[in-house]
Each structure stands twice: as structure tokens, then as C-alpha cells.
Amino acid sequence: MDWQPLVPLGSAVIGGLVVHLLSGRRDRANKRKEQRVTYLIEAYRRLEECSQQFGAADKRKLESAVADIQLFGTPRQVDLVQRFASDFAAKGGASLDDLLSDLRTDLRAELNLEAVPENVVHLRITYDKDKGT
């Protein structure tokens, strides 16, 4: 029996399987990265909302953001959020500056965005009931 015609067919089948396996891994890795980035962006937004003013309604936002960062964050972000949570529990408040800065820098890098200055301005518009503005 002449096996020579089967060699190209076997190579094509093996090559197809390898490509399929590699593209499946790539797709899963991209999906994990996309999900991680989405959760961290939402955590950043919730933390940012709570960073300048904090009321009873913000408690769940803060707890959820801390949990998401502990689940999806880098080791440094997990360390920062745990320090924040410990300080918050001990003192009734804590600074989010380092954590927000680290999250912002890492997310911009993940999204291939240019680096921007470290200082962040948080805009807060308050409503004065007495003045109607």
C-alpha cells in the first residue's frame, strides 16, 4: 500500500487540530481579559463615586467594588484594596487615591491607551436646596 498520498492529508488534519486548539485558547484568554477589564472598570467607577462623598446608599457600591477588585485585581490592587478596607473598618474612612490611581493606570495599559498624568480631578456637582441650584 502506498502511504505517500495520505501524508499531506494527515498533516492537514493535524495542522487543523492544532490551529483549532490554539484559537480556542486565545478566544478563552480574550474573553477572560474582557470580563476582567469590564469588572475592574465598573469597580473603578463605583469607587470613584464614593471617593468624595459617602452616604448610606453608597455602602453597597463600596462593598461590591472591594469584592470585585479582590476577585479580578492584580496582586498589588488586591493588597491596596485590603489595606483600604482595613483602614476604613478601623477609622471609619480611608483614602482611595493609591487604589484609584493604580486601577486607572493598569486599565489604561490593558486598553492600550496612552499614559496620562497621575493626578486626577473628581468633579462633584452639589445641589443647594436653598438657592435652587
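One can find the structure itself at the top, above this paragraph.
What this report covers is the structure whose coordinates are included nearby. From a predicted model like this one, the values you see are computed outputs, not experimental measurements.

1. Observations regarding the packing of helix α3 (residues 75–91) against helix α4 (residues 97–110)
And then number 1: It is at 9 Å that the axes of α3 and α4 come closest, and there the two elements cross at 160°. One element, α3, and the other, α4, form an angle in the roughly antiparallel class. Crossing angle aside, the handedness with which α3 passes α4 is left-handed. Side by side, α3 and α4 meet where Arg76, Gln77, Leu80 and Val81 of the first sit next to Asp98, Leu99, Asp102, Leu103 and Asp106 of the second.

2. Here we look at the packing of helix α2 (residues 59–72) against α3
How two helices pack is summed up by the angle between their axes together with the distance between the axes.
And then number 1: With their axes 9 Å apart at the nearest point, α2 and α3 run at an angle of 150° to one another. Crossing geometry of α2 relative to α3 is assigned as left-handed. Contacts between α2 and α3 involve Leu62, Val66, Ile69 and Gln70 from the first element and Gln77, Val78, Val81, Gln82, Phe84 and Phe88 from the second.
And then number 2: Its residues assigned to classes, the contact of α2 with α3 shows 7 nonpolar, 3 polar and no charged.

Calculation notes
- Residues numbered from 1 in each chain as written.
- Predicted model: local features only at pLDDT ≥ 70, side-chain atom pairs only at ≥ 80, totals over all residues.
- Heavy atoms only, no water.
- Axes fitted to C-alpha atoms, helices over the stretch in contact; angles between N-to-C directions.
- Helix = DSSP H or I, 4+ residues; strand = E, 2+ residues; numbered from the N terminus.
- Parallel < 35°, antiparallel > 145°, perpendicular 65-115°, else oblique.
- Left-handed = near helix turned anticlockwise from the far one by under 90°.
- Contact = heavy atoms within 4.5 Å.
- Nonpolar A, V, L, I, M, F, W, Y, C, P; charged D, E, K, R; others polar.

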